[in-house]
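Summary of structural features
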Amino acid sequence: MAAAALLRRVPAARAPATALMAARAISGSTAPLTIETSVPFTSHIVDPPSRDVTTTPAEILTFFHDMSVMRRMEIAADSLYKAKLIRGFCHLYDGQEAVAVGMEAAITRSDSIITAYRDHCTYLARGGDLVSAFAELMGRQAGCSRGKGGSMHFYKKDANFYGGHGIVGAQVPLGCGLAFAQKYRKEESATFALYGDGAANQGQLFEALNISALWKLPAILVCENNHYGMGTAEWRAAKSPAYYKRGDYVPGLKVDGMDVLAVKQACKFAKEHAIANGPIVLEMDTYRYHGHSMSDPGSTYRTRDEISGVRQERDPIERVRKLILAHDLATPAELKDMEKEIRKEVDDAIAKAKESPIPDTSELFTNVYVKGFGVESFGADRKELRATLP
Amino acid sequence: MLGAARRQLGSGPMLGQVLRRLRPATAAAAEAARGYSAAAREMTVREALNTALDEEMSADPSVFLMGEEVGEYQGAYKITKGLLDKYGPDRVLDTPITEAGFTGIAVGAAYQGLRPVVEFMTFNFSMQAIDHIINSAAKSNYMSAGQISVPIVFRGPNGAAAGVGAQHSQCYAAWYAHVPGLKVLAPYSAEDARGLLKSAIRDPDPVVFLENELLYGESFPISAEVLDSSFSLPIGKAKIEREGKDVTITAYSKMVGYALQAAEILSKEGISAEVINLRSIRPLDRAAINASVRKTNRLVTLEEGFPQHGIGSEICMSVVEESFEYLDAPVERIAGADVPMPYAANLERMAVPQVDDIVRAAKRACYRAAPMAATA
């Protein structure tokens with residue numbers, strides 16, 4: 001079968017009796033498995049890592065599971081938005097799941113991640129749960145920001161996930177600052193600052209990269225190149241769309257962002273590099289099925305053929321499904337069952353999130369400051385509504 | 001000016017006021033009170049800021065400095081002199097001339113719990129970084145419902161200097177004080193500089209600390225308590241620099257000195273002016289301002305910055321909202337001219353408030369002005 005031809009499996013310490021494996025339930029084996037990435041890495045002023053990625057059956061199945069949860073969450077968010085339960089901006093990540101999942105597999109929770117507004121799946125990857133995600137989208141108390149942030153402002157500080165930023169490009173210097181703190185405190189950890197091809201031309205990115213290189217900060221700049229900055233194709237926005245080379249004096253790697261194993265390998269490589277040598281740029285060649293946001297159909301600047309073509313040829317979840325089936329890690333029926341369970345899990349989370357109440361009106365005035373000194377704050381009519389900030 | 005400062009700090013009721021505004025009285029403070037008329041010590045604003053930075057860096061290893069020329073050059077205005085030698089290049093960081101980049105980096109470091117003190121060579125250059133000050137720093141605690149707090153200080157000279165022209169002379173107090181989530185402080189004296197900077201660095205929220213280049217070299221008497229490394233001044237509290245009963249003059253930064261000079265002139269003409277040194281622009285000490293106006297019934301707001309939508313506008317509104325019946329005259333406003341700052345010395349002089357302007361406005365508020373020209 002075609003998938004098997006693509007995959008060159010190095011016969012490492014694999015458990016015997018393939019037939020026995022297939023007869024059992026979904027493989028939870030942690031025996032190492034080596035898979036080749038779909039394409040080799042292209043690099044800029046650095047030797048690229050090997051195409052051979054070490055993984056395990058259990059990890060591959062986790063990839064399938066986690067990406068499927070993300071996919072379902074984003075599709076459900078689409079429906080909720082159309083039902084007007086989600087308001088304002090809603091930027092969906094479906095198609096790009098491999099970046100969030102592959103990155104998480106390569107790092108620990110001591111490493112930091114910061115991204116822009118397409119952040120729902122990154123939040124999940126960092127240990128966020130579905131209920132708090134949906135509740136935040138619907139502006140409820142159970143939301144991860146208690147309903148005060150919205151789609152673009154998810155955070156999980158205890159997992160070193162720093163959001164969740166609405167200003168294009170701002171998250172990159174912030175991410176270099178997170179790396180600065182890691183170096184200042186002599187932690188052996190790194191920061192992944194994600195941005196899109198649209199943000200890649202921002203001046204502040206180059207300012208932060210310059211300082212990061214001078215001060216050897218453990219910063220990994222990850223360009224999630226989905227080829228469109230809102231409605232503007234990369235070739236119309238960037239004189240040089242080879243984003244992995246744009247660091248100039250900073251090394252870079254171009255990665256197939258739809259291949260979760262390639263993403264894992266690249267992130268592992270980048271983390272080691274950044275801690276030892278300073279900043280590195282990763283360009284993830286990825287794709288978003290939805291438009292820029294729910295206000296954008298996404299088909300006025302792209303053809304439907306292009307979108308369906310990517311779905312057929314490069315979908316990250318389908319790729320992993322083929323890998324699982326090729327290696328007999330699970331049967332098609334088992335995967336279908338998993339997907340059914342995930343659907344139910346997502347539906348249950350939405351139901352639970354809907355039960356969460358809207359914020360108490362007092363929340364208008366909370367968290368303006370950490371320390372408010374008893375200062376007064378005001379509503380629209382200060383003779384009607386004022387509060388003391390604790 | 002210095003003479004005026006010495007005179008009012010040495011007198012009885014003023015001294016009491018000063019001491020009440022400091023940390024709870026200690027034996028040292030009592031001793032200083034007794035020996036006060038002999039002026040314990042003098043300190044320039046520059047030295048006050050330098051010692052405050054030094055002491056806070058010594059007390060807390062997570063405090064670090066970042067900015068252009070703060071290290072090897074010893075500071076463009078020598079505020080950070082000696083700190084690189086003492087704390088090393090890991091904690092005193094010279095940056096390239098890239099405000100957007102380094103401010104973003106500092107805010108990111110603050111997200112992780114470090115305590116950066118970012119220097120803008122002047123606040124005019126803060127506009128290059130203003131997105132990070134407002135959107136990345138000020139709003140984060142709110143948007144994250146308290147998860148991401150930002151214990152950062154942005155400091156540097158603000159407002160007009162001398163002959164530096166339009167792009168280097170703007171006052172940003174109104175811009176930053178507009179934003180919920182920020183705290184905005186404006187010291188005047190050496191005591192203000194020490195106490196407020198220490199509070200700013202210890203504060204868990206983002207603080208914009210507006211200094212003034214022309215005040216750096218000015219000397220003020222200070223007490224032993226101010227010299228103590230644990231000294232700090234509360235954020236959000238104004239100081240009555242000079243008590244009076246006929247008219248209230250609010251001011252901040254350099255204009256406090258001008259207001260005190262005006263008060264001296266007015267006193268010779270039988271008008272007793274109360275001068276309020278705001279110290280804190282956000283939070284604004286509305287209670288102190290209103291209490292003063294309820295006593296004097298007249299108000300002159302004074303600021304160096306552009307007049308439209310300025311600090312005086314907010315103060316006037318606060319008084320109208322809370323103390324309208326107490327006003328015996330319309331609120332008067334003295335501010336910088338509503339033009340970009342010119343270079344020529346005579347034009348520059350017209351673009352910034354002078355003591356005469358403050359005296360004239362106070363007299364108008366007291367209905368002691370020369371009759372105004374009739375308007376059509």
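Not measured: the values here are computed from a predicted model.

**Brief notes about the overall build of chain B**
Counting its regular elements, chain B contains 16 helices and 14 strands. Every one of the 376 residues in chain B was classed for burial, and the buried ones make up 61%.

**Describing helix 13 (residues 286-296) of chain B**
Residue pairs spaced three or four apart in an α-helix point in one direction, given the helix's 3.6 residues per turn. Among the residues of helix 13 of chain B, Arg286, Ala288, Ile289, Asn290, Ser292, Val293 and Thr296 of chain B are the ones counted as buried. Asn297 of chain B sits one or two positions beyond helix 13 of chain B and adopts a positive phi of about 70 degrees.

**Considering the interface of chain A and chain B**
Each partner contributes residues to the interface: chain A has 47 residues there, and chain B has 52 residues. Together, the buried faces of chain A and chain B total about 4,100 Å²; carbon and sulfur atoms form 62% of this surface. Our enumeration of links across chain A and chain B arrives at two salt bridges. If you look at where chain A meets chain B, you find 24 residue pairs in polar contact (both at pLDDT 80 or more).

**Quick notes on the packing of helix 3 (residues 57-82) of chain A against helix 4 (residues 97-106) of chain A**
Residue and element names in this part refer to chain A. Their axes nearest at 10 Å, the elements helix 3 and helix 4 cross at an angle of 140 degrees. By the angle class used here, helix 3 and helix 4 are oblique. Relative to helix 4, the crossing made by helix 3 is right-handed. Contacts from Glu59, Phe63, Asp66, Met67, Met70 and Arg71 of helix 3 reach helix 4 at Glu97, Ala98, Ala100, Val101 and Ala105. Here the residues of the contact of helix 3 with helix 4 sort into seven nonpolar, no polar and four charged.

**Remarks on the packing of aromatic side chains**
For the structure shown, the criterion picks out 15 aromatic pairs over all chains. Measuring from centroid to centroid gives 5.1 Å for Tyr188 of chain B and Phe220 of chain B, while their planes differ by 80 degrees, and the two rings are edge-to-face. Here Phe220 of chain B lies in strand 8 (residues 219-222) and Tyr188 of chain B lies in the loop between strand 6 (183-185) and helix 10 (190-202), a separation of 32 residues in the sequence. Take Tyr188 of chain B and Phe220 of chain B: they sit in the same class, and that class is buried. Pairwise contacts between aromatic rings join Phe120, Phe123, Phe154, Tyr172, Trp175 and Tyr176 of chain B into one cluster. One Lys or Arg, Arg311 of chain A, reaches over the ring of Tyr289 of chain A and ends 4.0 Å from the middle of that ring. Lying across the ring of Tyr369 of chain A, Lys183 of chain B places its NZ or CZ 4.9 Å from the centre.

Scoring rules and cut-offs
Residues numbered from 1 in each chain as written. Chains lettered and ligands numbered in written order. Predicted model: local features only at pLDDT ≥ 70, side-chain atom pairs only at ≥ 80, totals over all residues. Heavy atoms only, no water. Helix = DSSP H or I, 4+ residues; strand = E, 2+ residues; numbered from the N terminus. Buried < 20%, exposed > 50% of the residue type's maximum accessible area, 1.4 Å probe, protein only. Contact = heavy atoms within 4.5 Å. Buried area = accessible area lost by both parts, 1.4 Å probe. Salt bridge = Lys/Arg side-chain N within 4 Å of Asp/Glu carboxyl O. Polar contact = N/O pair within 3.5 Å; in protein donor to acceptor, adjacent residues only side chain to side chain. Axes fitted to C-alpha atoms, helices over the stretch in contact; angles between N-to-C directions. Parallel < 35°, antiparallel > 145°, perpendicular 65-115°, else oblique. Left-handed = near helix turned anticlockwise from the far one by under 90°. Nonpolar A, V, L, I, M, F, W, Y, C, P; charged D, E, K, R; others polar. Phe/Tyr/Trp six-rings, centres within 6.5 Å; stacked < 30°, edge-to-face > 60°. Lys NZ or Arg CZ within 6 Å of the ring centre and 35° of its normal.

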